[in-house]
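Listed here are the chains, written in short residue letters.
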Amino acid sequence: MELFSEIVLLQWLGTGFGVVQVLLARQNNVHNYLFGIVAILISIWVLYQSRLYADILLNLYYLIMSIYGWFYWKLGKKAMETPISSSNRKEHSIAIGIAMGCFAIMAYWLSQHTDSDVPFWDAIVVAFAWSGMWLMAKRKIENWIYLNISNIISIPLLIYKELYIYAGLTAFLFAVAISGYLKWKRILEKDECNRFARA
C-alpha cells in the first residue's frame, strides 16, 4: 500500500509538470522542455515499478530529445530561434523509419528478453512517440499527429496497468495535441503570409 501511495503521488506530481509542459509546447514556448524534463524523470521511476520497460526507454529518449530540442529551438542552425515548419519528404521518411525500426527492435526485445506482459502494445506506443518527439525537437507541425497516434494507443494500455492518473493525463494530452496542431497550423500560415508579403 505504501508503494501504491508513492506511485499515486508521483503520478500526480509528474502529471502536473507534464500538463505545464504540453501547454507551453502548444503555445510554442521553448521553456516547455524544462517542465518536460522533470516530468520525464518522475515517469521513469513510476514506469519501472509498473514493468513498462519500453516506456522507460522512451522516456530516456524523451530526455535526450528534450535537451536537444531545447537547444535547437533556441539556436537552430543559424544561431537564431527555429520557426515552426512542415516536414519535407525526407523528414517524413525519417519519421516513418524511426517508427518502424523502433517497433521492430522494441517488440523483439520486450517479447524475448523482459517479463513484459504487453510487449507489442508497449512497442507500438513507443514507436510513434519516438517519431513524434523527433519531429517536436525539429519544430515540425506533424509531431502532433505522431504523438497523438501514440496517445490514443497508450490510454487503454495505462488503464490496463491501473495507472489511471497517467491514463487521464494521456487523454488530456490527446486533446491538447489536437489543439496544438491547430494552433501551430495558424502560426505557420501566418508566418508564410508574412514571408510572402515581404517577398
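In what follows, the structure referred to is the one given above.
First, a word on scope: everything that follows refers to the structure included in this document. On a predicted model such as this, the values are computed, not experimentally measured, just so you know.

What the protein chain contains, in helices and strands, is seven helices and zero strands. If you list the helices and strands of the protein chain from N to C, you get α-α-α-α-α-α-α. Computed over C-alpha atoms, the radius of gyration of the protein chain comes to 17 Å, within 12% of the 16 Å expected from 2.2 N^0.38 for 199 residues, which places it in the range of a compact globule. Taken along the three principal axes of its C-alpha coordinates, the protein chain extends 65 × 35 × 25 Å. Sequence-distant contacts, at least 24 apart, represent 72% of the contacts inside the protein chain between residues at least 6 apart. Of the roughly 10,400 Å² of accessible surface on the protein chain, a fraction of 69% belongs to carbon and sulfur atoms. Counting 17 positive and 13 negative side-chain charges, the protein chain places the averaged centre of each group 15 Å from the other.

Let us now look at helix α2 (residues 32-49). Residues lying three or four places apart along an α-helix face the same way, a consequence of the helix completing one turn every 3.6 residues. Taking 1.5 Å per residue as the helical rise, α2 with its 18 residues ought to reach 26 Å, and the 26 Å between its terminal C-alpha atoms agrees with that figure. Restricting attention to buried positions, one finds in α2 the residues Asn32, Tyr33, Gly36, Ile37, Ala39, Ile40, Ile42, Ser43, Ile44, Val46 and Leu47. Of the residues trailing α2, Arg51 is marked for its positive phi of about 60°.

For the rest of this paragraph, the subject is the packing of aromatic side chains. One pass over the structure, following the stated rule, counts seven aromatic pairs. Between Trp70 and Phe71, the ring centres sit 6.1 Å apart and the planes meet at 45°, which makes this aromatic pair tilted. Note on Phe71: relative accessible area 51%, which makes it exposed.

As a further point, take the packing of helix α4 (residues 89-113) against helix α5 (residues 119-137). Packed helix pairs are specified by the crossing angle of their axes together with the interaxial distance, meaning the distance between the axes. With their axes 8 Å apart at the nearest point, α4 and α5 run at an angle of 150° to one another. By the angle class used here, α4 and α5 are roughly antiparallel. Relative to α5, α4 is oriented so that their crossing is right-handed. Of the residues in α5, those touching α4 at Glu91, Ile94, Ala95, Ile98, Ala99, Cys102, Phe103, Met106, Ala107, Leu110 and Ser111 are Pro119, Phe120, Asp122, Ala123, Ile124, Val126, Ala127, Trp130, Ser131, Trp134 and Leu135.

Below, the discussion takes up empty space enclosed by the protein. To find leftover empty space, a probe the size of one water molecule is rolled over the atoms. On inspection of all chains with the given rule, the structure shows one cavity of 30 Å³ or more. Here the largest cavity is characterised by a volume of approximately 700 Å³. Together, 30 residues line the largest cavity, and Asn59, Tyr62, Asn151, Leu169 and Leu173 are the ones closest to its centre. Every element with two or more residues in the lining of the largest cavity is listed here: α1 (2-26), α2, α3 (53-75), α5, α6 (143-160) and α7 (164-198). Looking at the lining of the largest cavity, the element that brings in the most residues is α6, giving six residues. Taken together, the residues of the lining of the largest cavity break down into 18 nonpolar, eleven polar and one charged.

Rules used in this analysis
- Residues numbered from 1 in each chain as written.
- Predicted model: local features only at pLDDT ≥ 70, side-chain atom pairs only at ≥ 80, totals over all residues.
- Heavy atoms only, no water.
- Helix = DSSP H or I, 4+ residues; strand = E, 2+ residues; numbered from the N terminus.
- Rg over C-alpha atoms; globule rule 2.2 N^0.38 Å.
- Contact = heavy atoms within 4.5 Å.
- Areas by Shrake-Rupley, 256 points an atom, 1.4 Å probe, with all protein chains shown as cover.
- Lys, Arg positive; Asp, Glu negative; His and termini not counted.
- Charge placed at Lys NZ, Arg CZ, Asp CG, Glu CD.
- Expected span 1.5 Å × (residues − 1).
- Buried < 20%, exposed > 50% of the residue type's maximum accessible area, 1.4 Å probe, protein only.
- Phe/Tyr/Trp six-rings, centres within 6.5 Å; stacked < 30°, edge-to-face > 60°.
- Axes fitted to C-alpha atoms, helices over the stretch in contact; angles between N-to-C directions.
- Parallel < 35°, antiparallel > 145°, perpendicular 65-115°, else oblique.
- Left-handed = near helix turned anticlockwise from the far one by under 90°.
- 1 Å grid on protein atoms, 1.4 Å probe; cavity = no way out; pocket = protein on both sides within 12 Å on 5 of 7 lines; lining within 4 Å.
- Points joined across faces, edges and corners; volume = space filled by probe spheres on them.
- Nonpolar A, V, L, I, M, F, W, Y, C, P; charged D, E, K, R; others polar.

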